[in-house]
Each structure stands twice: as structure tokens, then as C-alpha cells.
Amino acid sequence: MSTHGFRAFESTSRLGAREQTDEERYGIPENFLEIEVKNPQTHGFGRKMYTDYEIVVRTNIPAFKLKQSSVRRRYSDFEWFRDVLERESSRVNIPPLPGKVFTNRFTDDVIEQRRDGLERFLQVVAGHPLLQTGSKVLAPFVQDPNFSRDQYHY
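Quantities reported herein were computed from a predicted structural model and do not represent experimental measurements.

(A) Layout of unusual backbone geometry. With a phi close to 50 degrees, N39 is a non-glycine residue in the positive phi region. Tracing the backbone through its elements, the reader meets N39 in strand β3 (residues 33-43). N39 sits in the partly exposed class, given a relative accessible area of 39%.

Here's what the structure looks like:
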């Protein structure tokens, strides 16, 4: 069908598009970052109970010192981390964490919702170029098993 002498869909072969190579199609992307929050574990008893989560990072972005890492963090660590990111970087809008839960917080559903929210939070934050290059705490928080809040005075 044509309108005003133009064909609605012309062949794009004249653009000289070439077929992708297998390396381009299946090779490691130039920059990649995969972050998973998984394997929640609840510890303690009564008022001393808490859940921590495994953070698994796979990347080739130079801002991260390790290509692969796995660390454990609890929700209160994420709260501290988010607070520090906000103070470190006034130019970046830091997303919210999943909300604090006061009742039934150790049920499987609540833990899974929180895990999913923490994973989405980290994917946004760690994927932000200004935070990758400007934050002193981002890479250690997601990669350093010996990470301690005491090392950072904010």
C-alpha cells in the first residue's frame, strides 16, 4: 500500500545490514552486570531474629574489583547503605527499599517479597554509571565479605 508515493514498508536490504556473527550474538557483552539477591536465611530466636540475604555479583565493569563475588547482608545493612548513597550522591535519585515489616516478617511470603525488592533496588543502584564511579561504598557493599559499616564515617 502506498501513501503519497511512499511505500509503507520498503525492504531494508539497502541499508547494508550484515548478519551478526556468533561471537556478537552469544559472546560476553562489552559491559555486563548481573546482581542476584537470593538464599535468605533466618537466624536467632525471639527478639534477636533476623534474616540475611546472599548478594551474588557477576560483572566485567572495572568499577567492581571482582568479576564474581558472593556476600551476605541483612536488611539493616541495606538501610545504612541506602542512607550513605543518598549522602554521597546528591545528583542521583536513590530508589526506595522495600518497606519495613512489623508483623509476620519471618513468613516465607514476606521474606520473598523483601528479597525481590532488595534485588531490584541493587540492580538499579549498581547499574547506575554515576554511582559506579562516584560511590566509595557501592562495590565494597556488594562484593567485600569483610565489609563493615565502621570503615565508612558518614
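(B) Molecular detail of the side chain of D52. Tracing the backbone shows D52 in strand β4 (residues 50-59). At 3.1 Å, the side chain of D52 and the side chain of H43 are in polar contact. Once residues lying within four places of it in the same chain are set aside, the contact partners of D52 are N39, P40, Q41, H43, R72, R73 and R74.

(C) Here's a closer look at the nonpolar core. Counting residues in each nonpolar core, the largest one holds 31 residues, and the members touching the most others are I55, F81, F121 and L122. Breaking this core down by element, the ones donating at least two residues are β3, β4, α2 (75-88), α3 (108-126) and α5 (138-143).

Each value, and the rule that gives it
- Residues numbered from 1 in each chain as written.
- Predicted model: local features only at pLDDT ≥ 70, side-chain atom pairs only at ≥ 80, totals over all residues.
- Heavy atoms only, no water.
- Helix = DSSP H or I, 4+ residues; strand = E, 2+ residues; numbered from the N terminus.
- Buried < 20%, exposed > 50% of the residue type's maximum accessible area, 1.4 Å probe, protein only.
- Polar contact = N/O pair within 3.5 Å; in protein donor to acceptor, adjacent residues only side chain to side chain.
- Contact = heavy atoms within 4.5 Å.
- Core = buried A, V, L, I, M, F, W, Y, C linked by side-chain atoms within 4.5 Å.

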